[in-house]
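Observations on chain architecture
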Amino acid sequence: MDKREFLKSSGALLASTLFSKLATGQAPADSRTNWAGNYTYSTKNLDMANTVEDVRHSINSHSHIKALGARHSFNGIADSTEDQISLKRFDQIELDPKAKTVTVGAGVTYGQLAPYIDSRGFAVHNLASLPHISVVGACATGTHGSGSKNGNLSTAVRAMEIVTANGEVVIFSRERLGDKFPGTVVGLGALGVITKITLDVQPTFQMTQTVYEDLSFSQLEHHLDDIFASGYSVSIFTDWQSHRATQVWVKRRVDQGLPVDLKVDFYGAKPATRNLHPLAGHSAENCTEQMGIPGPWYERLPHFRMNFTPSSGAELQSEYFVPRDKGYAAILAVEQLRDQITPHLFISEFRTIAADDLWTSPCYQQPSMTLHFTWKPEWPAVKKVLPLIEEKLAPFGARPHWAKLFTMQPARLKSRYARMSDYQAIVARYDPAGKFRNEFINTNIYGV
């Protein structure tokens, strides 16, 4: 693929016009793929809901159905052989300043949410590297940003309105469910169709972003925690060559430290003298502002600008969570595969995330570091490399990102989650006939 075409596809989702409702209630065949174009959905039936009653009708009309979000998942987690339902039109945002919460419809993306609450003096605690994903979909899959003290995006969830398998509208919250609520937040779409979600918010804040080049991996051996704690959110990029990170992106809150001296080295890495794209030689035009210039939190936490929405994304993604204290050892283990990895790789990224109490979160009771891979659109080759990476990471109990590509066997995957049987029991309570189960859920949650 042409490098400039990748630049155009680095940041977002397929054009929203693909969600246009047809008279038949079905989407055209050429739109039945995910954002990256690597996955074709198994049904052409797509119900476009306008109201909760529409959702109830669709659920009651089908024996199997799956909610379809912003289509940014790289696997079949949202697939169905019978029917999918889109809540794209559920675009309401309701801020409660006194409760410090915001409630958003299932169609709202972080790119829509962030400027709305910022203009009213509030922020969410973190954002993913791409702002164009839906809030509901991100929280349901344990998607994350970065920051050693920041939980993944799901940890902000206060409550969810869900239509369950019998068509009942149920409010899931810690107040109503008590100690079972953590088992529902990263629900993987198996509990029902989420129509709206409530998040904790905090006062808005300003941030800066500074990029450094050429950080030796040797620095991570003794300073991994310090490096990742050097900012509110830190990302380390590598091409797996020369035992080094090509770039380190450090995002700092203005209210949590002094201005950064752009002339001072960072653990031996040199401060960048201009805005950079994660891929060397690519224009940084669509990347968020760098060079230590202060700006709103939502214009610094993502890597790509919120108003950058290309029409497609020709790439594949995989990601694995390992215990943070094993992060350097995990890097060394994967580095042994660099000759197999690099021919098919655009870039890798390391990030850290705080532990949480969400049963099916990859960060459950584990401060984590992730090893992320953005691959060229070469699935046959990538499919051969992933088992090698997973075997190297097996000693560290690696957990794959639920919405990205992996080949881990179900028995190994489920063994990574101490509360998996408890999660299955909650699913059985709200969906006893398996209306929201699909091949992904049957394989990875119930397979052997």
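Refer to the preceding data block for the structure.
Residues numbered from 1 in each chain as written. Predicted model: local features only at pLDDT ≥ 70, side-chain atom pairs only at ≥ 80, totals over all residues. Heavy atoms only, no water.

On to the overall build of the chain. A count of helices and strands for the chain gives twelve helices and 19 strands. Here the C-alpha atoms of the chain give a radius of gyration of 21 Å, agreeing with the 22 Å that 2.2 N^0.38 yields for 448 residues. Counting only C-alpha atoms, the chain reaches 60 × 50 × 45 Å along its principal axes. Counting across all 448 residues of the chain, residues that qualify as buried make up 60%. (Helix = DSSP H or I, 4+ residues; strand = E, 2+ residues; numbered from the N terminus. Rg over C-alpha atoms; globule rule 2.2 N^0.38 Å. Buried < 20%, exposed > 50% of the residue type's maximum accessible area, 1.4 Å probe, protein only.)

This part covers the side chain of Lys414. Examined against the element boundaries, Lys414 turns out to sit in helix H10 (residues 410-415). Within polar-contact distance, the side chain of Lys414 engages the backbone oxygen of Gly447 at 2.4 Å. In this view, Lys414 contacts Met420, Gln424, Asn444, Ile445, Tyr446 and Gly447; residues no more than four positions away in its chain are not counted. (Polar contact = N/O pair within 3.5 Å; in protein donor to acceptor, adjacent residues only side chain to side chain. Contact = heavy atoms within 4.5 Å.)

By secondary structure assignment, the location of Ala78 is in the loop between strand S2 (66-68) and strand S3 (84-86). Residues Ala78 and Asp422 lie 344 residues apart in sequence; the distance between their C-alpha atoms is 22 Å.

Right, let's get into the sheet that holds strand S1 (residues 46-48). An order of S1-S3-S2 is seen for the three strands of this open sheet, with the pairing classed as parallel. Either end of the sheet is taken by a strand with one partner, and the two such strands are S1 and S2. Each strand axis lies, on average, 35 degrees off the axis of its neighbour in the sheet, ignoring direction. (Pairing = 2+ DSSP bridges. Axes fitted to C-alpha atoms, helices over the stretch in contact; angles between N-to-C directions.)

This part takes up the side chain of His132. Note on placement: His132 falls in the loop between strand S6 (122-123) and helix H4 (135-140). From its side chain, His132 meets the backbone oxygen of Met306 in a polar contact 3.2 Å long.

Within the sequence span of helix H3 (residues 110-118), burial applies to Tyr110, Leu113, Ala114, Ile117 and Asp118. Seen from one end, H3 has its buried residues packed into an arc of 115 degrees, which puts them on one side. In this fold, the buried residues of H3 make contact with strand S4 (93-96), strand S5 (101-105), S6, H4, strand S9 (193-200) and strand S15 (295-296). (Arc of directions from axis to C-beta.)

Taken together, the buried positions of helix H11 (residues 420-430) are Met420, Tyr423, Ile426, Val427 and Tyr430. Along the axis of H11, the buried positions cluster into a sector of 115 degrees, meaning they face one direction only. Summarising the geometry of H11, the exposed residues directed more than 90 degrees from the buried face are Ser421 and Arg429. Tucked into the core, H11 has its buried residues touching strand S8 (169-173), helix H5 (174-177) and H10.

Summed over all chains, the structure comprises 14 salt bridges. The shortest N-O distance in the salt bridge between Glu53 and Arg56 comes to 3.1 Å. Placement of the pair is Glu53 and Arg56 together in helix H2 (residues 52-61), with a separation of three residues, close to one helical turn. Its relative accessible area of 48% is what places Glu53 among the partly exposed residues. Residue Arg174 is joined to Asp357 by a salt bridge in which the shortest nitrogen-to-oxygen separation is 3.7 Å. In this pair, Arg174 sits in helix H5 while Asp357 sits in the loop between strand S17 (345-353) and strand S18 (368-375), placing the two residues 183 residues apart along the sequence. Of the residues examined, Arg174 reaches a relative accessible area of 40% and is grouped as partly exposed. The partly exposed category is assigned to Asp357, whose relative accessible area is 37%. A single salt-bridge network, built from bridges that share partners, covers Glu319, Glu349, Arg351 and Lys404. (Salt bridge = Lys/Arg side-chain N within 4 Å of Asp/Glu carboxyl O.)

Quick look at the packing of aromatic side chains now. Going through the model one piece at a time under the given rule, you end up with 16 aromatic pairs. With a centroid separation of 5.6 Å and an interplanar angle of 65 degrees, the aromatic rings of Trp240 and Phe350 are classed as edge-to-face. Of this pair, Trp240 sits in the loop between strand S12 (233-238) and strand S13 (244-253) while Phe350 sits in strand S17, and the two are 110 residues apart along the sequence. Above the plane of the ring of Tyr116 lies Arg120, whose end atom (NZ or CZ) is 3.7 Å from the centre. (Phe/Tyr/Trp six-rings, centres within 6.5 Å; stacked < 30°, edge-to-face > 60°. Lys NZ or Arg CZ within 6 Å of the ring centre and 35° of its normal.)

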